[in-house]
Every structure is written in structure tokens, then in C-alpha cells.
Amino acid sequence: MSNIIKVTCISVATLAGVVAASSALAEETQGRIAIIVSPHTTDISAPGYLLSAGQLPKDHSNSGNGYVGFLGEINYGQVSLAIDYLTGTSDTVAGGLDFSPMSPTFNPLTYEQSETLTVYAGYNILDNSAIGKLDATLGYFKLWAQPSISPANWYDGVEIGIKGRRTWDGNFAVTYKLGYVPSVSVHGYMKDYNLMTGKNIWNMRFGAEIPVFKNFSGVLGYQKTRAENKVVVDGSAAIVTFSGFYVGAMYSF
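Residues numbered from 1 in each chain as written. Predicted model: local features only at pLDDT ≥ 70, side-chain atom pairs only at ≥ 80, totals over all residues. Heavy atoms only, no water.

Asks: Tell me about the overall build of the chain, residues and numbers included.
Replies: Secondary structure assignment for the chain yields three helices and 13 strands. Residues counted as buried form 45% of the 253 residues belonging to the chain. In the chain, of all internal contacts separated by at least 6 residues, the share reaching a separation of at least 24 is 62%. Carbon and sulfur atoms form 63% of the exposed surface of the chain, whose accessible area is close to 12500 Å². (Helix = DSSP H or I, 4+ residues; strand = E, 2+ residues; numbered from the N terminus. Buried < 20%, exposed > 50% of the residue type's maximum accessible area, 1.4 Å probe, protein only. Contact = heavy atoms within 4.5 Å. Areas by Shrake-Rupley, 256 points an atom, 1.4 Å probe, with all protein chains shown as cover.)

Asks: Run through the nonpolar core, naming residues and quoting values.
Replies: Tyr 49, Tyr 155, Met 190, Met 196 and Ile 201 are the most contacted members of the largest nonpolar core, which totals 18 residues. Of all the elements in the fold, those that place two or more residues in this core are α2 (47-52), β7 (132-146), β11 (196-213) and β12 (216-231). Apart from residues no more than four positions distant in its own chain, Tyr 49 is found in contact with Tyr 189, Met 190, Leu 195, Met 196, Val 231 and Ser 236. Counting nine residues, the second-largest nonpolar core is a separate cluster that includes Ala 34, Leu 71, Leu 86 and Phe 242. (Core = buried A, V, L, I, M, F, W, Y, C linked by side-chain atoms within 4.5 Å.)

Asks: Now, about the side chain of Asn 75: what can you tell me, with residues and values included?
Replies: Tracing the sequence through the fold places Asn 75 in strand β4 (residues 67-76). Exposure remark for Asn 75: the relative accessible area of 15% places this residue in the buried category. Engagement of the side chain of Asn 75 in a polar contact is seen with the side chain of Glu 73, the distance being 3.4 Å. (Polar contact = N/O pair within 3.5 Å; in protein donor to acceptor, adjacent residues only side chain to side chain.)

Asks: Just give me the short version of the pairing of strand β5 (residues 79-89), but keep the residues and values in it.
Replies: One face of the sheet, then the other: side chains in a regular strand alternate in exactly this way. Within β5, eight of the eleven residues are buried, leaving the element largely enclosed by the surrounding structure. Where β4 meets β5, nine bridges bridge the pair, whose relative direction is antiparallel. Paired with Asn 75 across the bridge in β5 is Ser 80. Here β4 hands over to β5 after two residues, with Gly 77 in that stretch at a positive phi of 65°. Bridging between β5 and strand β6 (residues 113-128) involves eleven bridges; their strand directions are antiparallel. From the neighbouring strand, Tyr 85 faces β6, where its bridge partner is Leu 117. (Pairing = 2+ DSSP bridges.)

Asks: Explain unusual backbone geometry to me, and be specific about the residues and the numbers.
Replies: Although it is not a glycine, Met 102 adopts a positive phi angle of roughly 55°. Locating Met 102 in the fold gives a position in the loop between β5 and β6. Even without glycine at this site, Lys 214 takes up a positive phi of about 50°. Its place among the elements puts Lys 214 in the loop between β11 and β12. The class of Lys 214 is exposed, set by a relative accessible area of 72%.

Asks: Before we move on, can you summarise the packing of aromatic side chains with the specific residues and values?
Replies: Enumeration over the complete set of coordinates arrives at nine aromatic pairs. Each residue in the set Phe 216, Tyr 251 and Phe 253 is aromatic and connected to the rest through ring pairs, giving one cluster. Above the face of the Trp 168 ring, Arg 166 is positioned so that its terminal group lies 4.3 Å from the ring centre. Geometry around Tyr 120 places Lys 177 over its ring, the cationic atom sitting 4.8 Å from the centre. (Phe/Tyr/Trp six-rings, centres within 6.5 Å; stacked < 30°, edge-to-face > 60°. Lys NZ or Arg CZ within 6 Å of the ring centre and 35° of its normal.)

Asks: Provide a residue-level description of the environment of Gly 88, including the pertinent values.
Replies: Assignment of secondary structure puts Gly 88 in strand β5. Between the C-alpha atoms of Gly 88 and Gly 69, which are 19 residues apart in sequence, the distance is 8.7 Å. Beyond its immediate sequence surroundings of up to four residues, Gly 88 is in contact with Gly 66, Tyr 67, Glu 112, Gln 113 and Ser 114.

Asks: Before we move on, can you summarise the environment of Thr 110 with the specific residues and values?
Replies: Structurally, the position occupied by Thr 110 is in the loop between β5 and β6. If near-sequence neighbours (up to four positions away) are discounted, Thr 110 is found in contact with Asn 62, Ser 90, Asp 91, Thr 92, Val 93, Gly 96, Leu 97 and Ser 148.

Asks: A description of the pattern of salt bridges should follow, citing residues and the corresponding values.
Replies: With the rule as written, the count across this model stands at eight salt bridges. Taking the shortest distance from any N to any O, the salt bridge between Glu 159 and Lys 177 comes out at 2.7 Å. Here the residue Glu 159 occupies a position in strand β8 (residues 153-167), and Lys 177 occupies one in strand β9 (residues 173-181), the gap between them amounting to 18 residues. With relative accessibility at 5%, the residue Lys 177 sits in the buried group. The closest approach of N and O atoms between Glu 209 and Arg 165, which form a salt bridge, is 2.7 Å. One end of the pair, Glu 209, is in strand β11; the other, Arg 165, is in strand β8, with 44 residues separating them in the sequence. Put simply, Arg 32, Glu 73, Asp 135 and Lys 163 are held in one network by salt bridges that share partners. (Salt bridge = Lys/Arg side-chain N within 4 Å of Asp/Glu carboxyl O.)

If you want it as C-alpha cells, here you go:
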């Protein structure tokens, strides 16, 4: 958990540094930061890997209500910088740690700590009254997981994508983001024991900002990460999705 706290502090400090550096810029600079909570769900489909480990080759799912994070962004003209972060722990599954061969209750997602981090820059490529602003994005994405059944793993790489924002009178806004990591690096347990190699990761988010009072707004939306890896033992796919709705509060400056 100390690593999670460190990443959170570093990310917040980075965003704060950007904000401070931008305070001397023209009035065109705009920024916003939102604190969010989410009941996220993790799903895994890796029948080949599970069978090689002596377990039933079936899909697994687990959820948790205590995921928290933030969405931060600052804009200056056509350029934007942003940080997205989410972390939390899934529920404990009864019998999830039963490692006996072909256990009917085994669940590799029981009490799993997870976090996602995206740091990216955007450049505006379209801006009109019908669809709002559309930016091309380039950044870095990391998915980290600490299962109860093994040491931690993390998957990362360069992310390319788009993000958009349509704002109406009164500052009500709809936002969206789609990111793709075409080449994924695997670290930790899966890498050390040559169990999996990375393939690709998709990230998406769709949300709304609802003005409440002056510079404060409520936010809600849905976000999803889909990571696909290759199982070394038989070449099959291992697909993990991490998704859920979120709500929170945002401050604009």
C-alpha cells in the first residue's frame, strides 16, 4: 500500500507543479481536478493459464466498492496535460484461496489490490460548435495488481489515443477518452517466471460534468480497461477487464 500512496503523492505533486507553472500564463489557461469513487469489477478469462496451473479453465469475476482516484487536467491553447488515477481492493471471495487441484471455489481475483495510472499530453485537432474539442493524445499507461495468490504484477507502455469535450452554456459538459497501448511490457511475477508476455491494452472513459456552485461540479461516468496478454505455456490469450461507473466532485480553475 505504501507504493500506492507514493504514486498518488507523486501524481498529485506533478499536477500541482503544472498548475503552479501555469499560473503566470495568460487567462486562456484552464484546469480541473476531480476526486472520484467507484464500485469497480475485475474479470479474467485465461483458461489456458488456469489449466496449466491445475485449476478449472473457467472465467472469474470479482468486485469491490472502495476504489478511489482522481482525474486531473490543465489546458493552454491547443495543448493539454492530464493525469488519471484509480486504486482500490476487491472483495474477499469465500474459498478463493483454495489451491487444491480443480477447486470449484478457487478465484484468483479474491482480495486483489489494483491501480491504474495514465499520464498524457493532448493536442487539439478539431474544435467546432457541433462536437466540441477533439484532441490527439500521447502518454504512458500502467496497470498494477497485487493478487492474494502471488506477488505483484504490472503492465505498462506508451499509450496513443483521443479525448474529447463538448461544453454547453452553464458549463455542463460531456467528456470522453479512448487510449490504446499497442506494445505492453510485463513486469513482476508473470515476467520473472516467464508465464505471460504482453500484447495490448485498451482504455476508455465516458463522463459528464454537472455544475453545482461557482467553480464546483459533480462528475459521473463509466470507465473500462481491457488488457490482453499471451500465455507462454500454450500461446493462448489471457484477457483482463477492469471497469465500473464512477461519481465524484470537481473543481475548475
